[in-house]
Every structure is written in C-alpha cells, then in structure tokens.
There are 4 protein chains.
Amino acid sequence: MKLFEFPVRVYIEDTDIGGIVYYVNYLKFMERARTEFLRSHKIEQQDLQQQGFLFVVKSVNCDYLASAKLDDQLTISVEVAKCSAASVTFLQSIRTNQLLTRAEVVVVCVNAETMRPCRFPSQIRQIFSNR
Amino acid sequence: MKLFEFPVRVYIEDTDIGGIVYYVNYLKFMERARTEFLRSHKIEQQDLQQQGFLFVVKSVNCDYLASAKLDDQLTISVEVAKCSAASVTFLQSIRTNQLLTRAEVVVVCVNAETMRPCRFPSQIRQIFSNR
Amino acid sequence: MKLFEFPVRVYIEDTDIGGIVYYVNYLKFMERARTEFLRSHKIEQQDLQQQGFLFVVKSVNCDYLASAKLDDQLTISVEVAKCSAASVTFLQSIRTNQLLTRAEVVVVCVNAETMRPCRFPSQIRQIFSNR
Amino acid sequence: MKLFEFPVRVYIEDTDIGGIVYYVNYLKFMERARTEFLRSHKIEQQDLQQQGFLFVVKSVNCDYLASAKLDDQLTISVEVAKCSAASVTFLQSIRTNQLLTRAEVVVVCVNAETMRPCRFPSQIRQIFSNR
C-alpha cells in the first residue's frame, strides 16, 4: 500500500493552556486521516453506517515526541500494517518538518445493532489488504 | 420555578492557548446543567431518545462578560423563561464569584426520525411550565 | 468586502448521538473560517499572540435552521458587518446546498496580559474596514 | 498508594453518531481524574503552571473493551505504577459495573519555557512515590 497522507491545520480550538495542541486532539486528526483514506477509495462513513457497520477503535498506542503549535500545517499519515477478517491495524504519524506523534490504532468492524464483531464488507477488506 | 444550579469544574481540556476557557465550551457547560435539571426531575436523556424524541437547540444568544480559568469551580444556572407546546426558552448563567456568561437558549422538541417539531411529552411540559 | 468562504468537512468527532453535528461545534467551524479569512490577508494567529493581542469573542447570536450530517462538505462564510477601534462584528453562515446556520459574532481585541480591550493593530483594522 | 477514584457523568457532548462515547473522550475523563487525584493532595494545575511546570503526556496505551453510553455514571481510577525524577506512569481504568477501558499513561514534567524535561517539584514527587 502506498502511504496515504492528509493535511490538517491547527486552530485555536485544538490548543490548550500550555500553548500547544491538546494531546487528545491528535487522535481526532488521525481519525480524520483514516476517514479520508477510505474516502479516497470511494467509501463514505455514512454509507458504512447505513449498511449497519460501525468501525470501533479497539486500542491506541501513541507516542508523543514533540508538540504541534497554533497555525501549524500538519501531515497525517495512514498505513495498514495488518488486516484480518474483522480487524485492521493502522500505523499513523503526525509531522510538521519533524515527527511529532506516531501511533498504532487497531480498529474492529462491529454490527451497529448488536455491537458484536463482524467481517469487514469485502470492498473494505480489499482496500485494507491491497498493500 | 426555583433556579436550578449545577457545579462544573474547569479542566485542561476546556482551556485554549489564551490560558482561559475556550468560549465554545461554555455552551457545553450550559447543556450539562440543562441535562442535570431534567435529571433532577427524573428525566434521563436516554429515555427521551428511546421514546423517539430529540431536543434540538434552535438558537443561542450568548454574552461573554469575563473569562473562566483553569481549576475554576463554576456554577451554571438554568431557568425556564418561556414554554410552548414544542419549544422552551432557557435563561442560563455561568458564575464564579462574578457573572462570566449569560445566555438565552431556545430548544425545540423534534421527532427523532422525521426531525420535524413535535409536542413535548406531557411529563416534560409539566416540568417546564411549573415556574 | 468580498464574502470570504471556507470549506469544512464533517467528521465523526463532530457528531453526537442524534446522528447530526453537535450544535456547539458549528461555532468551531465559524472560528476556523475567521482564522482563514485573516490568514488570506497574511495574518497568522501566532503572530497576533506574540505581539500581545488576543481576540476574544464578546457575544454570539446563532440560529440553527437545519442540521449538518456526517461526511457533509460545508461552506462557512465570513463577512465583516461593522468595525470599531477595538471591536468587530462578523456575519457568518454555514451551508451545504441549503442554509444550515447563521450567526452574528462580536469579537474584541484585548491586551493578552491585562485582558483589557485595546485597539486592533492598524493592519487588522484596515482588513476589517475594507468592505 | 490507595487507588484514587473519580466519578464522571456522560453527556451528549461526549457521544458520537454511533450512539456511544466518542473513544477519544475517554482520555479527557482520565485526565480529569489525574487532575482530581492531585487536587486531593492540595495540588492545583494553576499553581503548577505559575511555578513554570507543565505536565506533558509522553505516551498513551489504551484498550477499549466496552462502550460507555449517554447518562452513564463512570468511575475513573488512578494508580501510580512507577515514578522517576521527571516521569510518572499511571494505570487507569474506566468502569460502570463492568470494565470499559484501561490505559497506561506516561506523563513527564517539563519546564514551561524551554519545554525540556525537568525534575518534578519535591511535593509532587512525594505524592507519586507514596504508594
């Protein structure tokens, strides 16, 4: 898989009293990039939900190396490291001209009603496997 | 109606680079107080949703007079100013030892499926009218 | 002044249990657009802060007409309605193919240390007056 | 150290379109609990900042086991697992009547101006070591 990259700008809403991006918000940026990665393959979140699928984050391992600041233009990367029938592992990074944050995010597919794990739709599976 | 009051503590998540509470977050605090006002009358949000009602904010008029700071213990007030069949007007304030913010918030009741305005459940109507 | 417009995409982080954009978040979108309006005139937020200026929201009057949904591509507009020495009134709207939200937002310039109102830097004043 | 516990109520602001708590927000709840753990030892965030210290999150390892829902009353726990001169490792959990989330959060003390790691104030060190 080619590395997918998505730009995110830092606004006041993203900062905290320390004058830097509130660390929790990096996880939002990473999800935006995963969403855009799927959109680049013609998959919209609304469609998934209407088909009864929810993608639920199972675990996050995140290292904060340096801080993003107001006005920064960040590059968020998305890479599929591993994919099984109902679970996918993403490696992601956030950079300016240096590496700020990197994370491993495991996402599972669940049935929106039962909240039980279920197989990814085949179209999604193909996207994740094509690396 | 007796004035309903609810305490909210300011955490780092609520602040921004200016070192004060990010102004958008006061609206979250006001909604927490409205939710607790209803809970004090035995109305849970989940129940409303399961009965097919959504409370949707129609308008917000908010004046910011002074800023809340990290660690501040805020008091959020809720008062029903006006109530009709499908709409209620709240007057709310946020205080420390001084008045920080006051707002008028109009909320309408809608059918969760059609998103069309509908009458408040009678139990709710009674709570709002009892002032 | 020409109407300034800025696109904002709706992500999962912006939604709530009602399945629509959490109403508080529209105010974040409007601030992003104001920030980009200034950036289009070569004004960065960081520079303002380093020069000792803070832009503080004094009041918000916001009407919610219709709801934005997940994946929606929104257009946020910015227009300067009025400008004085230390205060500026913006008219803003949020649209998809229909008008979702419109707001009047009053912003004042304060000294970052004293938090007292002060005159806008002349460069900013010129941008706001040029309408 | 005795386990410190802090209650958090789930509001609409915490939910997403999936009808459950947006997973990023659990990290906010955990920080609230760490803040209250320090406050229970008479340490206020404002004081730390005024003394020139910032506590910066270095890494988060978080497992999501089950989801919190609107109106849930959560119990957030804080335990110090390890403490060195400039770094502390917290074990935290979020529960209703079942375990929802558990996380390991590493926090480092930095000088607020240089953003370089520095030793915890001795009063803090003592709190963290007293386990």
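Look up a bit, the structure's there.
Residues numbered from 1 in each chain as written. Chains lettered and ligands numbered in written order. Predicted model: local features only at pLDDT ≥ 70, side-chain atom pairs only at ≥ 80, totals over all residues. Heavy atoms only, no water.

**Focus on the relation of the copies chain B and chain A**
- With an RMSD of 0.0 Å, chain B superimposes on chain A once it is rotated by 180 degrees and translated 0.0 Å along the axis. Taken together, these values place the two copies in the relation of a two-fold axis. Identified as the residue of chain B closest to the rotation axis by C-alpha distance is Asp-16 of chain B, at 1.9 Å.
- Both copies present the same face, since 100% of the interface residues in chain B are matched by interface residues at the equivalent positions in chain A. (Least-squares fit on C-alpha atoms with pLDDT ≥ 70 in both. Contact = heavy atoms within 4.5 Å.)

**What about the side chain of Thr-35 of chain C?**
- Mapped onto the elements, Thr-35 of chain C comes out in helix α1 (residues 25–39).
- The class of Thr-35 of chain C is buried, set by a relative accessible area of 5%.
- Look past the residues within four positions of Thr-35 of chain C in its chain and what remains in contact with it is Tyr-11 of chain A together with Gln-45 of chain C. (Helix = DSSP H or I, 4+ residues; strand = E, 2+ residues; numbered from the N terminus. Buried < 20%, exposed > 50% of the residue type's maximum accessible area, 1.4 Å probe, protein only.)

**Considerations on the relation of the copies chain D and chain A**
- With an RMSD of 0.0 Å, the fit of chain D onto chain A corresponds to turning through 180 degrees and sliding 0.0 Å along the axis.
- The overlap is high: 100% of the interface residues of chain D also sit at the interface in chain A, so the same surface is used on both sides.

**Some details on the packing of aromatic side chains**
- With the rule as written, the count across this model stands at 36 aromatic pairs over all chains.
- For the pair Tyr-26 of chain A and Tyr-64 of chain A, a centre-to-centre distance of 5.7 Å together with 50 degrees between the ring planes defines the contact as tilted. On the criterion of sequence distance, the pair formed by Tyr-26 of chain A in helix α1 (residues 25–39) and Tyr-64 of chain A in strand β2 (residues 53–64) is long-range, its members being 38 residues apart.
- When the centroid spacing of 5.3 Å and the interplanar angle of 65 degrees are considered together, the rings of Tyr-22 of chain B and Tyr-23 of chain B count as edge-to-face.
- The class of Tyr-22 of chain B is buried, set by a relative accessible area of 2%.
- An aromatic cluster is defined as three or more aromatic residues linked by ring pairs; in this entry it consists of Phe-4, Phe-37, Phe-55, Phe-90, Phe-120 and Phe-128 of chain A. (Phe/Tyr/Trp six-rings, centres within 6.5 Å; stacked < 30°, edge-to-face > 60°.)

**Comments concerning the interface of chain B and chain A**
- Listed as interface residues are eight residues of chain B and, on the opposing side, eight residues of chain A.
- Taken over both partners, the interface formed by chain B and chain A buries close to 750 Å², and the fraction arising from carbon and sulfur atoms is 74%.
- Broken down residue by residue, the surface that chain B buries against chain A is led by Ile-12, Ile-17 and Tyr-22 of chain B, which jointly contribute 56%.
- Applying the counting rule to chain B against chain A returns zero salt bridges.
- Classifying every residue of the side of chain B that touches chain A by side-chain character gives four nonpolar, two polar and two charged. (Buried area = accessible area lost by both parts, 1.4 Å probe. Salt bridge = Lys/Arg side-chain N within 4 Å of Asp/Glu carboxyl O. Nonpolar A, V, L, I, M, F, W, Y, C, P; charged D, E, K, R; others polar.)

**Description of the interface of chain D and chain A**
- Taken together, the contact pairs 23 residues of chain D with 23 residues of chain A.
- For the pair chain D and chain A, the summed buried surface comes to about 2,100 Å²; carbon and sulfur atoms form 57% of the total.
- Contact with chain A buries area across many residues of chain D, yet Tyr-23, Lys-58 and Tyr-64 of chain D alone supply 24% of it, more than any other trio.
- Our enumeration of links across chain D and chain A arrives at zero salt bridges.
- Put simply, chain D and chain A have eight residue pairs in polar contact (both at pLDDT 80 or more) between them.
- Taken together, the elements giving at least two residues each to the side of chain D that touches chain A come down to α1 (25–39) and β2 (53–64) of chain D.
- Among the elements that take part in the side of chain D that touches chain A, β2 of chain D stands out by supplying nine residues, more than any other.
- Relative to β2 of chain D, β2 of chain A is paired through five bridges, and the arrangement is antiparallel. The partner of Ser-59 of chain A across the bridge, within β2 of chain D, is Asp-63 of chain D. (Polar contact = N/O pair within 3.5 Å; in protein donor to acceptor, adjacent residues only side chain to side chain. Pairing = 2+ DSSP bridges.)

**Section: the sheet that holds strand β1 (residues 4–9) of chain B**
- Judged by pairing direction, the sheet is antiparallel, and its 10 strands sit side by side in the order β1(B)-β3(B)-β4(B)-β5(B)-β2(B)-β2(C)-β5(C)-β4(C)-β3(C)-β1(C) without closing on themselves. Here the strands that pair on one side only, and so sit at the sheet edges, are β1 of chain B together with β1 (4–9) of chain C. Taking the axes of each pair of neighbouring strands and ignoring which way they run, one obtains an average angle of 30 degrees across the sheet.
- Note that strand β4 (residues 87–95) of chain C and strand β5 (residues 99–111) of chain C share nine bridges and pair antiparallel. (Axes fitted to C-alpha atoms, helices over the stretch in contact; angles between N-to-C directions.)

**A few points about the sheet that holds strand β3 (residues 73–83) of chain D**
- One open sheet accounts for 10 strands, arranged β1(A)-β3(A)-β4(A)-β5(A)-β2(A)-β2(D)-β5(D)-β4(D)-β3(D)-β1(D); its pairing is antiparallel. Each of the sheet's edge strands pairs with one partner strand only, and the pair in question is β1 (4–9) of chain A together with β1 (4–9) of chain D. Pairs of neighbouring strands in the sheet enclose a mean axial angle of 30 degrees, with direction left out of account.
- Here helix α3 (residues 122–129) of chain A sits on the sheet and contacts β2, β3 (73–83) and β4 (87–95) of chain A; the angle it forms with β3 of chain A, its principal contact strand, is near 105 degrees.

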